[in-house]
Structure formats: C-alpha cells, structure tokens
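# Architecture and fold: a report
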Amino acid sequence: MTNPPPAPEPAAAAETPGSAAPGDRQVPGPRRSGEPRRPTLRSDLRASWPDGLVALVITAAVFVLLYIRIRNKTSSTVTVMPFMADAGGFWMYFLSQAFGWSALLWAWGTVILGLLLSGPRPSRLPLSGPRLERLHRTTSLNTIALIAAHALLFAAELVRHDTAAWNSAVATAFVEAFVPGGYDSGTGQIAIPVGQAALYLAIPLGLLFYVRHRIGPKTWRVLHRCVIVVYVLSVWHTLLYGTNVWYDGWFRTGVWLLQLPIAALLLLRLLRPARRSEKLPASPGASAGARTGWALRLGGRLAVAVVLVALVAVVASGKDGGRSVPPEDTSSTHNHD
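What comes next concerns the included structure. Keep in mind the model is a prediction, meaning the values are calculated, not measured.

Before going further, it helps to examine the overall build of the chain. Scanning the chain from N- to C-terminus turns up 13 helices and zero strands. Counting helices and strands in the order they occur from the N terminus, the chain gives α-α-α-α-α-α-α-α-α-α-α-α-α. The burial tally for the chain puts 45% of its 337 residues in the buried class. Across the chain, contacts joining residues at least 24 apart in sequence account for 75% of those joining residues at least 6 apart.

Next comes the structure, spelled out in structure tokens:
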C-alpha cells in the first residue's frame, strides 16, 4: 500500500504568506524589520515534528491492531495468505502495512488541507490561514516520510525471508520493491508499479514548493495540481493490493467513503476558484484557443461531478470492487482490518 503525498494547493498557496510571489524578481538586500520570511524546507522540517509524532503514535496503534487480529486469525490477511498467521514471524510486513495505512491517512488530510487552502474557505476554521498553510506543508513532508518507511519495510521483509546470500537478497528486494515491473507475482504485477508511481511522483511534486520561486508560479501551479493524481494512484494501490481491504465489507467501503469529501471539495474548488483567471466564463469566446480552454475546463468540472456521483453510488450500494469471501471463511466478512 504505497500511499501517498502532499496535496493540491493550486491557487491560494501560490502566494504563501511570508513570501513574495514566486515570479517576483527582488533585489537582494537585508530583510526589513517585521518582513516575513519565505518558508524553507529546513524550517518546515523543524516544524513538522508534532504531527510527525502523532503519525508515529497512530502507526504504532495500527500495528498493534493488525498484530492482534493476525494472532487471533480474525484478519482477512490470514484468509488471503494463510502462511502469515505467524504474527511474530512476519511482524515487519505488518509494520509496513501500518505505515502504509498511516501514510494514506496523512495523504488524505494533506489533500483536504490543500483543497481548503486553494478554494473557497469556510467562514470559521480552527486555525488561521498561515497556520493552515504551514500544517499543509508539514503534513506533506510527513506523508513522504511515511510512504518511504512503508516501502523500505516492505523491501526489508523481502530481504529477511530470502534464503539467498545477503547481497543477492538485497538486490532482489530492491528490484521487487522499487523497480517497476520487478515484482512479478499475482496482483502485485499491477499494484506494485501503481504504488511505485505514487512514490516517485510524490517526492518531487511535494518538494517543488521550496523551489517555486525559481521555476515560476505558473509552472509550479501546473505541476502541483498533479498531486491529486498521486493521491488517486495511492488509493488505487491500496484497494488493489491491501489484504486488509481484499474482500467486500464495511472496511473497504469505508475507504471509498473517505473519498467523498475530497471529490466534493475538488468540485467546489473548480466551480468557485480563488483565482479570477480560473473561472469558467459564460461563453467560450471567439478564438479557437479560448474555445478549447473553455471546453477543457467545462469537461474537468463535469468529470469530477461524475466521479462524485459514482462514489455516492459505490458507497450506497456496497459494490466496491472487492472480492467475495471464500465460503469456508464467511466469518471474516465482518472482521476486516
């Protein structure tokens, strides 16, 4: 379950309080008294420890839950892979799963924050705009760290159970965990590359914020909007490969349910963009370029609306693409992790 990353803040965050507009060219000189600093990677890393600590606590809680359910044989993971009923023997794999779930949760929160910052904001929020923006950046950094931990622990588990020489085991694990197409077993042939794509896109897209003054505001906004693609890949990877959500049931449906607020906020952000230039005019305009742009913007809004309706239908019907529980394991229908 390689999960993913920072969130879209395409509009409002382009001029983060505390920095000049990314495209502005300024003459180097001493900072005026009271003039806010541009956020840096170092300062955000220092500020990221509180929610990073919370992420570790949640990861530990998820690990304990997974471990207990494996030991009690009430987890769907045991149904999918009976040999993993030895909780102590595969503890590193379950820790990797725990990091994967916390990474997905942090990615979800980061996307929510990004959409709130880049679209119409509620009149009452628990934090001010600048604090929300900093929280968005720190959760983005922690999401990347959680994804990396998830992937590294998965690779370490492969090394741990490889009977070959250590150097050969490390090389094999690296290929299977980090090289697209290197994992050639079952569902992982698709799910692992999907997760790898999320990982490899999350890191540069999440860190581009700190060089946006060099690449220009327009380029940064265009690239940063691709973060939503990273999140979709992460959820897809989870639903495809997460043994905890392998079968139909409330837990898998719950993962689909969590996507409703993201789709709703994205649609609201498109219908009521913060930037005047991103609004959809009543008429497409006379030039071919204007008509093409108008059609693309209208198509994007309609596509997100369709996705939102589809998500509601999936949650309401319970038809969420899960597999049917084997007859001999019907007791696990209500015992998913």
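Resuming the write-up.
Take the packing of aromatic side chains next. A full pass over the atoms with the stated rule returns ten aromatic pairs. Between Phe83 and Phe90, the ring centres sit 5.7 Å apart and the planes meet at 65°, which makes this aromatic pair edge-to-face. The interplanar angle of 65° and the centroid separation of 5.3 Å between the aromatic rings of Trp101 and Phe251 together place this pair among those described as edge-to-face. Of the two residues, Trp101 is situated in helix 4 (residues 91-118) and Phe251 in helix 11 (residues 250-257); the sequence distance between them amounts to 150 residues. Here a set of aromatic residues connected by ring pairs shows up, and it is made of Trp101, Trp250 and Phe251. Sitting over the ring of Trp246, Arg323 keeps its end group 3.8 Å from the ring centre.

Rules of the game
- Along every chain, residues carry numbers that run from 1 in the direction the sequence is written.
- Given that the model is predicted, a residue must reach a pLDDT of at least 70 before its local features are reported, and side-chain atom pairs must reach 80 or more before they are shown or counted; all residues, however, enter totals for whole chains, interfaces and linings.
- Excluded from the side-chain calculation are hydrogens and water; included are all heavy atoms of the structure.
- Secondary structure counts use DSSP, requiring at least four H or I residues in a row for a helix and at least two E residues in a row for a strand, with both numbered from the N terminus.
- Residue burial is assigned from relative accessible area. The probe radius is 1.4 Å, only protein chains are included, and a residue is buried under 20% of its type maximum, exposed over 50%, and partly exposed in between.
- Two residues form a contact once any of their heavy atoms are found within 4.5 Å.
- When two rings of Phe, Tyr or Trp (its six-membered ring) have centres within 6.5 Å they constitute a pair, described as stacked for plane angles under 30 degrees, edge-to-face for angles over 60, and tilted for the intermediate range.
- We count a charge as sitting over a ring when the NZ of a lysine or the CZ of an arginine lies within 6 Å of the ring centre and within 35 degrees of the ring normal.

In short, shape yes, function no, at least from these values alone.
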